[in-house]
Amino acid sequence: MKLNYSSIQINSIWQVLLTVAASIITLRIGAGLAAWRAANQLERPNYTVVRRLPINPRQRRGEIEIRKYEPYLIAETTIDESSMRKAGSLGFGKCAGYIFGKNTPVGKSEQPEKMAMTAPVRSVGEVSSGEKMAMTSPVRSQGNKKGKTKISFVIGSKYTLQNVPKPTDKSVRVKRVDGHYLAASTFSGPPPSDERVREERSKLVQTCEREGIRIKGGKNETFVYGYHDPVVTPNILRRNEVCVEVDGSSLN
């Protein structure tokens, strides 16, 4: 009887544990989907896809987009860190602080202004052709381990340089990004490693060269965009992009 009683107790414990685990998984998936949907509703810079190009015409697997972006504003900070992931964590907090109230509105109001979130979070940098990568914006340090990384948030289209709130954090500045063309590679997963960024950039450059599209900016200048948070949203649903600026006149 004792053996049977113990077996019943063990089965009951396992049932409770399985129920708790199932509940946690359900909550995790629900929260992830909610975060994904919320991020997809955020305002993004306006652009038009002017061309879609296959990465490998023979295999017909994967493609890149050539986009024409309209001008927009960003809040930008510079981080003394060459690693994209490390700099992103530090820079995110500074830029988010500005968006969420560390600012001084233009006009009579003395109260900080909570601005609407937008997407993507931008990182612009330089990808070296060797084993090491230094991220900067614009290009400042080829292969320099002590390079800087610039992280920025897109500012909502209702603002202009004349009415946008001023950052109270001196390490954050507001600037205008002029209209431009980008070649973009889109993929899912966690924030990309330096190696993944280098691989995606290589695909972009090779595809553009094959099509006679000229790369602009520094020799290794690269843009990395993240559209979803790296914690709550499941990696399979996260949208990442690696981009390079291209000369619009070479598209004709």
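- As recorded by an unreviewed UniProt entry, the chain carries the name SOUL heme-binding protein and is attributed to Cyclotella cryptica.
- Taken directly from UniProt, the Sequence similarities (unreviewed entry) text for the chain runs: "Belongs to the HEBP family."

Observations regarding the overall build of the chain
Logical step 1: Each helix and strand in the chain was counted, giving three helices and 11 strands.
Logical step 2: The helix and strand sequence of the chain, counted from the amino end, reads α-β-β-β-α-β-β-β-β-β-β-α-β-β.
Logical step 3: A total of 252 residues make up the chain; the buried ones form 39% of that total.
Logical step 4: Put simply, of all contacts in the chain between residues at least 6 apart along the chain, 71% involve residues at least 24 apart.

Section: the pattern of salt bridges
Logical step 1: Under the counting rule described, the total for this entry stands at 14 salt bridges.
Logical step 2: Measuring nitrogen to oxygen at the nearest pair gives 2.8 Å for the salt bridge that ties R196 to E200. Taken together, the residues span about one helical turn, with R196 and E200 both in helix α3 (residues 194-210) at a distance of four residues.
Logical step 3: Note on E200: relative accessible area 3%, which makes it buried.
Logical step 4: A salt bridge links E211 to R210; the nearest nitrogen and oxygen atoms lie 3.1 Å apart.
Logical step 5: For E211, a relative accessible area of 29% corresponds to the partly exposed category.

Side note on the packing of aromatic side chains
Logical step 1: Summed over the entire model, instances satisfying the criterion amount to three aromatic pairs.
Logical step 2: Centroid distance Y47 to Y69: 4.9 Å. Interplanar angle 40°. Geometry classified as tilted. Of this pair, Y47 sits in strand β1 (residues 47-54) while Y69 is found in strand β2 (residues 63-69), placing the two residues 22 residues apart along the sequence.
Logical step 3: Between the aromatic rings of F92 and F153, the centroid separation amounts to 5.1 Å while the plane-to-plane angle is 65°, which identifies the pairing as edge-to-face.

Concerning the sheet that holds strand β3 (residues 72-79)
Logical step 1: Taken together, the nine strands give an open sheet; going across it, the order is β1-β2-β9-β11-β10-β5-β6-β3-β8, and neighbouring strands pair in antiparallel fashion. Edge strands, defined here as strands with exactly one partner in the open sheet, are β1 and β8 (172-177). Adjacent strand axes in the sheet meet at a mean angle of 30° when their direction is disregarded.
Logical step 2: Across four bridges, strand β10 (residues 221-226) lies against strand β11 (residues 239-246) in antiparallel orientation.

The rules we used
Residues numbered from 1 in each chain as written. Predicted model: local features only at pLDDT ≥ 70, side-chain atom pairs only at ≥ 80, totals over all residues. Heavy atoms only, no water. UniProt positions renumbered as here; feature names shortened; annotations may be inferred. Helix = DSSP H or I, 4+ residues; strand = E, 2+ residues; numbered from the N terminus. Buried < 20%, exposed > 50% of the residue type's maximum accessible area, 1.4 Å probe, protein only. Contact = heavy atoms within 4.5 Å. Salt bridge = Lys/Arg side-chain N within 4 Å of Asp/Glu carboxyl O. Phe/Tyr/Trp six-rings, centres within 6.5 Å; stacked < 30°, edge-to-face > 60°. Pairing = 2+ DSSP bridges. Axes fitted to C-alpha atoms, helices over the stretch in contact; angles between N-to-C directions.

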